[in-house]
Structures are given as C-alpha cells and as structure tokens.
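Structure assessment
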Amino acid sequence: MLAYNLIGSSLVALGALSIATMRARANWGSSALDRTTGAQEAVSERAPSPENDGWYHQHGDPSVVELGGSMGPRLIIVSNRVAVPEPGSKQMAGGLVVAVKAALRNRTGVWFGWSGKIDETETAEPRTVERNHITYAVIDLSKNDFEEYYNGLANRVLWPILHYRVDLQEYSRADHSGYMRVNRLFADKLSAFLREDDVIWVHDYHLMPLARELRIRGRLNPIGFFLHIPCAPLDILRTLPHHDEILGALTDYDLVGFQTENDRDNFAAYLSTAPGVKKGRGLTFEVEGRQTRIGAFPVSIETATYARLARKAARSPFAKEIRESLTGLRLVLGVDRLDYSKGIVQRINAFDRFLEVNPEWRSRVTLLQIAPRSRSAIIDYAAIENEVTTLIGRVNGRYGEAFWTPIRYINRFHSRTALSGIYRAADVALITPLRDGMNIVAKEYVAAQDPENPGVLVLSQFAGAAAELTGALIVNPHECDAVAAALKRALGMPLFERRERHGPMLEHLLVHDIDQWAESYLAALAETRQRPGLMSELRAFLSPSRSRTDRRATPEVRRQA
Ligand code: F6P
C-alpha cells in the first residue's frame, strides 16, 4: 500500500514546481471542463502549444491563465460538501467554508467534493463552475453512498467518537465499506484531473483515507489533511472498529493538522502505539520510510471583515427590529447547529436554574437560541430536537408571562450579515458545547462587538476556542449552577471589565485570522517536502501574491474593526 518511493515522489512533485515547467504548461487544456477534468496522463502527452489545444484566458493573455487553469501548480481543496456559489442565494458560511475560501483566495485552485445532491447515476466527470479564480468541481452521491458514508460511518460513528461520545456510535460493516467506497470514488474522480505539481489539501473526517487511496493510484503530490472537529484521546479512538484502516490511513498525508494542541497530542498518542509507526523527530512519524508531520493550527475567522460587517449590520432595519422587539430586555444569545455536541439541553437547564435562583432577572432578560436543523435523518439528531423543544416549552411555561417569553427559539438559517447584527445586539453569548473542535461562533461574537461597549462571552472549556479566548468567562457546561452563576456575572459585568476582557481577545483575532491560519498551514505543508532550491518556489506558490495589509492590531485596525 505504501510501496511508493518517497524520494522519487518528493522530487517529482517539487520538481514540477520549477518555473520553467510552469511556463511550459501555460497553454495546456482546451475548455473549462478540460481544465479541471483532463487526466494527468492525457495532459502530459500533449505538446504545450496554443495551436493544437491551447486555451486562452478570456482577456486574451496566454500567460495569465486562471480558474484552476493550466499554468503552474494548483491548490486542490477537497471536502465532503462544496459550497458552490449560487447567484442570488444565501451562502453557507460555516467554519469550513470560510476556511476553504481563505485558502483559495488569490491562489489558483479547485474545490472538489460532493454537490449535496443525491443521484443514482454515477457522475462520469465532475460538474464544474468557475467563480473568481476558483473552479468548483462536484459529483453527486447515490442514496446508498449518502446513507452508508455520510449518515453512516461519518456521522453515526466518526462524529460521535471524535466528540468523545462513544455511547452514541452505531458501527456497522456495511457503513464502513460504504465509507471506504466513497473515499475510493473521490480518489478516482480526483485522480482523473490531478497534475503532478498540484498541492492537495483534504478537509475533515469524511475523507481520512483519501490520501492512501490517491497514493495507491500512484499520486505522489504533497497532500495535507485538516481535522475541523476534535480528536478524542487514545482509548476512545480505539473504540472505532478497524481504526487502523481509517485513523491509521492519516499517515499517508504529509501533514495532518488539528484545531488544538490537545487534539494533536491525542493523535500523537494514538500514533505512538500504532503498529509499524516509528516516532521521528519532533512531531514527525514514520511509516515504511515515509514521513507524516502533525501540528495544531487553530482555525479562525475573517476578523476585520466580520467586524466591519457587524458594524454595518447594527444599522440595518433587521437589527432595528430586533432591538425594538426586545423592549428593554437584556439579550443572551446561543447560536449552534442543532447537534448533541453543542450542549443546548445543558444550556437551557442552566438558564432555567438562572431564572430559578435569580427571580429579580425574570422579565428582564431573554435567551435567543438559534439552532438550524442538521443531519435530520440521524436518530440522535431527531432526538435532540425533540428534547430541546420540550425543554424550552417547559421553561417558557414555568416562568413566562403574557408579556414576556424567557426563551425565543428559531430553527431557521440566518445569513452571515443577519447573524453579525444579532451578535452585536447581544449582551451575552452563551456558547457552551460539550465538545467542539473550535467553535467559530465564539470568535465571530468577539469580532462583532462594539469595542467601546462590548458584550460578554461565556464559553465552554471544551470548545477549542477556549484555548485562545481567555477573556471569556470559561465554564464547565456540565455544571448547571456554574453556568447560571457565570450568566449572572456576565449580565452584571461593569463596562471597564467588559472592555478589559474583550480588547485582548479582539487583538488576538485580528492577528490570528483566517488568512494567517491558511498561510501557516500551507507553509508547514511546504516544509514537509523541503528540498534545497525547490523550497523557495513552493513557498512562493503557497503564499498569496497580493500584498496583504499588516494584520497587527494597530490602533487604526482596531478603530476600523
Ligand atoms: O464542523 C464539521 C462539519 O462537518 C463542517 O465540515 C460542516 O460545515 C458542518 O460540520 C456541517 O456539516 P454537514 O455537512 O454534515 O451539514
């Protein structure tokens, strides 16, 4: 399985980055589809001449080829779902989407994955759409693939295990083989349009064995992986039947990135006991002479952009409506996908306790819980929805008045702009997941605040963000009384303390934003294939050419934020 030659692989992949090669490739490909789906072998047979199959950039300059095009190495992003921009429709803006867009910003690239559609006819070639230098290449899945790979092994097994919920895993051999089958399908479709100088970055738990499948198909490219969700400790990881086939396959990546040092260390502990894996120097592991590096790369947000969005949104008619609807009530906010890992039930219980022990706050505060439905075909998700709905009804029934609803509950999805306005209006964000890779809502809440009059973040110690957002009131979501007490403290916190807590968090996020995340990951990936002379070219490709504004949190940047 691992029988490919490391030295050969590195030299081929990196050698292909030479500028001469990039120039020679400048005119390959013949159509938009060809530019993303032409097989590597087919491409290499063609003479790089504009006469026979040359494709020209729409502006007529053959040296400026883009859209996942034919000049130079491309960054190929692979994730389960692809957010293809649809004109006029609200865009999904989860953590993964924001992260992928940052990685592709100002780079020539392709984003490949599932369209989100179910279709029984296998997609022969990925469908492509091109927008702003990015080629979106998508395939459909069959009903069986969707059930076994997505609902099955990915979300009924890997998701709970990696979130420390061994009790919820529902393993079946059929789902396991469905998961492997779809990873092979991704590898086949991807392999068909890969070039030897492409750099590949795979995202999330759906696609752990993808590098191994690509290596089997002879692909020697640099391949990185990033896990957006937590990585559980060794004993929990080992509850996954045949874990070596899935978790062990991560050693076929050159770099495996995690959200936090804790996640990284959990995986290091796993690898340290895995058969055939030798510990190398630092955070490097070796299998049959091939090296894998692991690292922590906390995902972030577009801090400055988000802060500007929130400032504008605060003046929008929507934000005005929210403020008016509050009629003087203080606003506590929860925003989560409806998922058992988010601790929504525990949060409602804590709010219940808060109202019980602090009667003076009744009729003076409201909790707005936004929770779009998610993965509804899975029984645990349907169960959590029922539980949350019942609980909220109970709290509203117990404390509510004809003129006051303690908890407002919304399942609707909100746009990024609308959310930023809601964050800005909220006095407190109650973000209390039982386990979360990062939780970008916590970061967005901080970015959205008015620095002169910021709200307070109450944050679970089990969210990856807690390692960075040290100005939050950090709570254990399992301790109902402690969360209720933190909420009381947050609502009564004086302005100077709110500013003192918020300022350093905002500064941190302005520096450690999503662009910095993407750049540091890609630089680390480049270093895994370090070869004298070729390194500078790979670096040059992986750092965007645009002149980035200095991200340091200068007073000016803070003011703009
Ligand atoms: O956070 C993990 C993740 O899988 C993200 O990749 C994704 O944006 C989110 O959860 C929603 O997942 P799904 O695609 O299953 O709706």
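So, a few notes on the structure that sits alongside this text. All values derive from a computational prediction rather than experimental measurement.

**A short note on the environment of Tyr306**
Here Tyr306 shows up in helix H12 (residues 303–313). A relative accessible area of 1% means that Tyr306 is categorised as buried. Beyond its immediate sequence surroundings of up to four residues, Tyr306 is in contact with Arg416, Leu419, Ser420, Tyr423, Glu444, Ala447 and Ala448.

**With respect to the site of the ligand**
In the vicinity of the ligand, the contacting residues are Arg81, Leu96, Tyr150, Trp159, Asp204, Tyr205, His206, Ile229, Arg337 and Arg375. Taking Arg81, its side chain carries an N or O atom lying 2.7 Å from an oxygen atom of the ligand. Side-chain polar atom of Asp204 to an oxygen atom of the ligand: 3.1 Å apart, as the coordinates give it. Compared with its free state, where it exposes 390 Å², the ligand has 78% of that area covered by protein. Broken down by class, the residue content of the shell around the ligand amounts to five nonpolar, one polar and four charged.

**Digging into the pattern of salt bridges**
Under the counting rule described, the total for this entry stands at 32 salt bridges. Where Arg264 meets Asp265, a salt bridge forms, and the shortest distance between an N and an O atom there is 3.0 Å. Note that Asp427 is salt-bridged to Arg330, the shortest N-O span being 3.4 Å. Taken together, the residues span a long stretch of sequence, with Asp427 in the loop between helix H16 (416–425) and strand E14 (428–431) and Arg330 in strand E11 (residues 330–335) at a distance of 97 residues. In this structure Asp427 comes out as partly exposed when scored by relative accessible area, which is 24%.

**Quick notes on the side chain of Ser341**
Tracing the sequence through the fold places Ser341 in the loop between E11 and helix H14 (344–357). When near neighbours in sequence (up to four residues on either side) are disregarded, Ser341 contacts Trp159, His163, Pro433, Leu434 and Arg435.

**Brief notes about the sheet that holds E14**
The sheet built from six strands is open, its strands ordered E13-E12-E11-E14-E15-E16 with parallel pairing. Edge positions in the open sheet fall to strand E13 (407–410) and strand E16 (473–475), since each of these has one partner strand only. On average, adjacent strands in this sheet sit at an angle of 20° to one another, irrespective of strand direction. Relative to strand E12 (residues 365–370), E11 is paired through six bridges, and the arrangement is parallel. Counterpart to Arg330 in the pairing with E12 is Val365. With respect to the sheet, helix H17 (residues 440–448) is in contact with E11, E14 and strand E15 (456–460), its orientation differing from that of E15 by roughly 170°.

The rules behind the values
Residues numbered from 1 in each chain as written. Predicted model: local features only at pLDDT ≥ 70, side-chain atom pairs only at ≥ 80, totals over all residues. Heavy atoms only, no water. Helix = DSSP H or I, 4+ residues; strand = E, 2+ residues; numbered from the N terminus. Buried < 20%, exposed > 50% of the residue type's maximum accessible area, 1.4 Å probe, protein only. Contact = heavy atoms within 4.5 Å. Near = heavy atom within 4 Å. Polar contact = N/O pair within 3.5 Å; in protein donor to acceptor, adjacent residues only side chain to side chain. Areas by Shrake-Rupley, 256 points an atom, 1.4 Å probe, with all protein chains shown as cover. Nonpolar A, V, L, I, M, F, W, Y, C, P; charged D, E, K, R; others polar. Salt bridge = Lys/Arg side-chain N within 4 Å of Asp/Glu carboxyl O. Pairing = 2+ DSSP bridges. Axes fitted to C-alpha atoms, helices over the stretch in contact; angles between N-to-C directions.

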